[in-house]
Every structure is written in C-alpha cells, then in structure tokens.
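# Structural characterization, general
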Amino acid sequence: MNGQPPAERDLRVRIEAGAVLGVWVSRPTDSILELMDGSDADYLGIDCQHGYASEADLPRLLVRASTTPRLVRVADSRHSSIGRALDAGADGIIVPMVDTVRQAEAIVRAVRYPPRGIRSYGPIAPYLSRDHTALESAPLVLAMIETAEGLDNLEEILAVDGIDGVYVGPADLGITLGDGPAQFPPISVVRETMKRVAASAAEAGKFAGVHAGLGSFARDYLSMGYRMITLGNEQSVVVQGMAAELRTAGREAAVTSAKAGY
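No experiment lies behind these values; they were computed from the predicted model shown.

### Section: the nonpolar core
Ranked by internal contacts, the top residues of the largest apolar core, which has 58 residues, are Val72, Ile82, Ile93, Met194, Tyr221 and Tyr226. When near neighbours in sequence (up to four residues on either side) are disregarded, Ile93 contacts Val72, Val74, Ile82, Ala85, Leu86, Ile107, Val111, Leu140, Val141 and Leu142. Residues Tyr43, Ile94, Phe207 and Met228 belong to the second largest nonpolar core, which totals 13 residues.

### Observations concerning the pattern of salt bridges
Applying the stated criterion to the full structure yields 12 salt bridges. Measuring nitrogen to oxygen at the nearest pair gives 3.0 Å for the salt bridge that ties Arg78 to Asp76. Exposure remark for Asp76: the relative accessible area of 23% places this residue in the partly exposed category. One salt bridge in this structure joins Arg116 and Glu136, with 2.7 Å as the shortest N-O distance. With a gap of 20 residues between them, Arg116 in the loop between helix 5 (101-111) and helix 6 (132-137) and Glu136 in helix 6 connect regions that are remote in the sequence. We classify Arg116 as partly exposed; its relative accessible area is 47%.

### A closer look at the environment of Thr67
Tracing the backbone shows Thr67 in the loop between helix 3 (58-61) and strand 3 (70-73). Residue Thr67 is classed as partly exposed on the basis of its relative accessible area, which comes to 34%.

### Quick word on the sheet that holds strand 4 (residues 92-95)
Reading around the circumference, 1-2-3-4-5-6-7-8 is the order of the eight strands in this closed barrel, with parallel pairing throughout. Here the average twist between neighbouring strands, direction ignored, is 25°. In this structure, strand 5 (residues 140-145) lies alongside strand 6 (residues 165-168), joined through four bridges in parallel fashion. Residue pairing for strand 6: Ala143 is matched across the bridge by Val166. Contacting strand 6 and strand 7 (207-211), helix 10 (residues 188-203) runs over the sheet at an angle of about 150° to strand 7. Across the sheet, helix 12 (residues 234-248) is in contact with strand 1 (20-25) and strand 8 (228-233); its angle to strand 8 comes to roughly 70°.

### Some points on the packing of helix 4 (residues 79-87) against helix 5
Two numbers describe how helix 4 lies on helix 5: the axes approach to 9 Å, and their chain directions differ by 40°. With respect to helix 5, the axis of helix 4 lies oblique. Helix 4 and helix 5 meet at a crossing whose hand is right-handed. Taking contact as the criterion, the partners of His79, Ile82 and Leu86 in helix 4 are, on helix 5, Ile107, Ala110 and Val111. Tallied by class, the residues present in the contact of helix 4 with helix 5 amount to five nonpolar, one polar and no charged.

### Considering the environment of Glu34
Along the chain, Glu34 turns up in helix 2 (residues 30-37). Residue Glu34 is classed as exposed on the basis of its relative accessible area, which comes to 62%. It is 39 Å that separates the C-alpha atoms of Glu34 and Val189, two residues lying 155 residues apart in sequence.

What counts, and at which threshold
Residues numbered from 1 in each chain as written. Predicted model: local features only at pLDDT ≥ 70, side-chain atom pairs only at ≥ 80, totals over all residues. Heavy atoms only, no water. Core = buried A, V, L, I, M, F, W, Y, C linked by side-chain atoms within 4.5 Å. Buried < 20%, exposed > 50% of the residue type's maximum accessible area, 1.4 Å probe, protein only. Contact = heavy atoms within 4.5 Å. Salt bridge = Lys/Arg side-chain N within 4 Å of Asp/Glu carboxyl O. Helix = DSSP H or I, 4+ residues; strand = E, 2+ residues; numbered from the N terminus. Pairing = 2+ DSSP bridges. Axes fitted to C-alpha atoms, helices over the stretch in contact; angles between N-to-C directions. Parallel < 35°, antiparallel > 145°, perpendicular 65-115°, else oblique. Left-handed = near helix turned anticlockwise from the far one by under 90°. Nonpolar A, V, L, I, M, F, W, Y, C, P; charged D, E, K, R; others polar.

In short, shape yes, function no, at least from these values alone.
As structure tokens, then:
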C-alpha cells in the first residue's frame, strides 16, 4: 500500500470534471454515516464546528471503506485543529470565518510542513502516506466566506497559493449583510453577493462551494457558477425523504378520506 488515496477519492478530479453534490454529517453516528456513504453523494462533510462531531470522533469517521471523499469543517482556524483533522485522514478541510489574507495564509501554513509551513508531522491514520510532501499536497483546502470583512478581502483570499476555493455559509452571510439567517434560498442582496463570490472564484481559477440547504435549490446555485453544493445534512435528508415517501403513498388522499369519515 502506498498510502495515497485512490484517484476516485480525489475531489479535485471530480470538481474538474463537473460540479459535485454532497451531504453534511452533523452527528457522529456510525450507522448514519454508513447510510450516507452508501448513497451516490460525491462527498461527505463532517461538521466539527456546529455539529456534534469532535476531533476525538474523527479517526473512526474518516474510514477508507469507500471511495467517497470526506471533508471536515474544523471548529476553528487554529493550526492544531487543522493538523488533527488531516492527521486523522481528512480528504480536505473547510475552515470557518476566514476574513483576511493573513488568516488564509496561516491556514495554508497549518497544512504544510517546514519550511513552507508549521505543521507538525504525525499522521495517525494507517492508510495515509508517510511521505510529508504527499501529505501536504493531497487535502483540499477551503476558506469559508461569511462576513463583510471576508467579502472585502475575497479576491486577495482567493489569490493565496494553497487555497483551493471558498465555501459560503448563507446564514452567517445573511446576518452580516443585514438580511438575517433565513437564506435558503438566498434573497435580495445576499443572492447578488453569492453570485459575486462564485464569479470571483472562477476568475481566480478556483471554485466556490455552498451550503444549499435543500436539493431543490441546487440548480439555482449551479446557474450561479457554484461547483460544490452541499444539499443538506442527515436531518434534512431524512425529513425530505419521509415527506417524499408519504406523498408517494398518497397520504394527502388518505388523510382527506379519514376526515370525511370514509
């Protein structure tokens, strides 16, 4: 075993071939992850910021039983948080609340080993390469754009070598722009701002990702130029799936008949 991920697990390859669609995992439950992993999702995102997953859960959540890439949204931009996620086997990291070029550069340094970075060597996942150059070049690195300051510095953040793209959190973006967190789908100034983010990423030769909230919003984001779209988390997927199954079973007709006394 050479420790390198299979080509089909390299999300960069998939994004170059076209837009990718993924699912968010906020609960560190093996059974849920296994079900999600058995889907046709292009990637799974494990949430250590707002989800219940912690760094201690990552070694068992980042298994290589399948070829589905697994990204980790780290809790914060500390180099220790980034290093632990990568040492545990993350195929990529999503870093929240990136506001400045200095922050973006620090994130890249946390991914890279000396002399280009400050990452300490210690891969713990058995399937990882032990070649430090492979370890620092393999993971996808995404900076979240969620604040007014981040928007002001968007082009400069995208220009940082080692940042593969940006990822938008519509709720926080809505709050910072004065329209509130109910941005699924995005409205007014938030929508126009999100168009700008995708256009800037494409102009920089990089890509933009987004929390869509629902699969029904994906086409709109695709039309804006987003290349990485998270359709929802396990809760929304289950709720939407149940609703679809109930519609298929004709629940509305059954309820109407019951109310009529039939």
